[in-house]
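Now for the letters of each chain:
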Amino acid sequence: MLDLLKRRRSIRKYTTKEIEKEKVLKLVQGALLSPSSRNLRPWEFVVVEDKATLEKLSFSKPGGGFLKNAQLGIVILGNPDISDVWIEDTSIASTIIHLLSYDLGLGSCWIQIRERNHNESTSGEEYIRQVLGVPENLKVLSILSIGYPDETKPTNNEEALNYEKVHLNTYGSKFVR
Ligand SMILES: Cc1cc2nc3c(=O)[nH]c(=O)nc-3n(C[C@H](O)[C@H](O)[C@H](O)COP(=O)(O)O)c2cc1C
């Protein structure tokens, strides 16, 4: 796991290779297996394989254009009526999809939707609500853009980890490696 975390990077360029059905299913299973506060699982997911829909979703907000070249998008929805900590729970599910995609030989990138705008008059969430027909009671947290990687990135540098952000026993006491 630590090795995967060292190698993990956000991947925004994808090949045209389709993602196998079994891998899509594993990503869904991973999302549904995520931990959640009080085990309330206040999430829903829209698995998008349709190319025309992926292209529409790529316009959800500025900077999400790479989604149109992805083979798969998973839209992460949260239900505030089920849990007051739906943001934490859906963020964990997003992270699990991101890490699992790497473990399956895929590349992925989180596209932030909550608190982001489509344009001056429409939020990213409202735009997605219209594109996908998401009901009003659900919030849109993020989209995970997924595909076989068409870019390589340097691994994370272990030596550059900022241990100064880590305290031992009391705040301000150095954590010594
Ligand atoms: C909460 C969150 C929101 C993010 N939103 C976006 C986004 O909207 N668009 C994007 O291209 N990358 C997004 N990212 C990816 C980050 O930019 C990326 O993780 C960061 O730059 C570190 O790069 P790395 O993942 O390759 O290590 C997001 C990541 C997180 C955790």
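The structure reproduced in this document is the subject of the present report.

Counting residues in hydrophobic clusters, the biggest one holds 19 residues, and the most contacted among them are Leu-57, Leu-67, Val-75, Ile-128 and Ile-143. When contributions to this core are tallied by element, the ones reaching two or more residues are helix H3 (51-57), strand S2 (72-78), strand S3 (107-112), helix H5 (124-132) and strand S4 (139-147). If we skip the residues at most four places from it in the chain, Ile-128 touches Leu-57, Ser-60, Val-75, Ile-113, Gly-133, Val-134, Val-140 and Ile-143. In terms of nonpolar packing, the next biggest core, distinct from the first, is built from 15 residues, Ile-74, Trp-86, Ile-97 and Leu-106 among them.

On inspection of all chains with the given rule, the structure shows 10 salt bridges. Lys-21 is the partner of Glu-49 in a salt bridge, and the nearest nitrogen-oxygen pair spans 3.2 Å. Linking Glu-49 in the loop between strand S1 (43-48) and H3 with Lys-21 in helix H2 (residues 21-32), this pair joins segments that are 28 residues apart in sequence. With a relative accessible area of 35%, Glu-49 lands in the partly exposed category.

Right, let's talk about the packing of H2 against helix H4 (residues 86-103) for a bit. Contact pair H2 / H4: the axes reach a minimum separation of 8 Å and the direction vectors enclose 145 degrees. The chirality of how H2 crosses H4 is right-handed. Residues Lys-26, Leu-27, Gly-30 and Ala-31 of H2 pack against Ala-93, Ile-96, Ile-97, Leu-100 and Ser-101 of H4. Here the contact of H2 with H4 is built from residues that sort into 6 nonpolar, 2 polar and 1 charged.

Residue placement: Asn-162 occurs in the segment after S4. For Asn-162, a relative accessible area of 44% gives the class partly exposed. Remark: the alpha-carbon pair of Asn-162 and Val-131, spanning 31 residues in sequence, is separated by 41 Å.

This part is about the site of the ligand. Lining the immediate environment of the ligand, one finds Arg-8, Arg-9, Ser-10, Arg-12, Lys-61, Phe-66, Cys-109, Trp-110, Ile-111 and Gln-112. Ser-10 is positioned such that a nitrogen or oxygen atom in its side chain is 2.6 Å from an oxygen atom of the ligand. In this structure, a nitrogen atom belonging to the ligand sits 3.3 Å away from a main-chain N or O atom of Trp-110. For the ligand, whose unbound accessible area comes to 610 Å², protein coverage reaches 60%. Tallied by class, the residues present in the shell around the ligand amount to 4 nonpolar, 2 polar and 4 charged.

The rules behind the values
Residues numbered from 1 in each chain as written. Predicted model: local features only at pLDDT ≥ 70, side-chain atom pairs only at ≥ 80, totals over all residues. Heavy atoms only, no water. Core = buried A, V, L, I, M, F, W, Y, C linked by side-chain atoms within 4.5 Å. Buried < 20%, exposed > 50% of the residue type's maximum accessible area, 1.4 Å probe, protein only. Helix = DSSP H or I, 4+ residues; strand = E, 2+ residues; numbered from the N terminus. Contact = heavy atoms within 4.5 Å. Salt bridge = Lys/Arg side-chain N within 4 Å of Asp/Glu carboxyl O. Axes fitted to C-alpha atoms, helices over the stretch in contact; angles between N-to-C directions. Left-handed = near helix turned anticlockwise from the far one by under 90°. Nonpolar A, V, L, I, M, F, W, Y, C, P; charged D, E, K, R; others polar. Near = heavy atom within 4 Å. Polar contact = N/O pair within 3.5 Å; in protein donor to acceptor, adjacent residues only side chain to side chain. Areas by Shrake-Rupley, 256 points an atom, 1.4 Å probe, with all protein chains shown as cover.

Remember that the coordinates give geometry; whether it matters functionally is a separate question.
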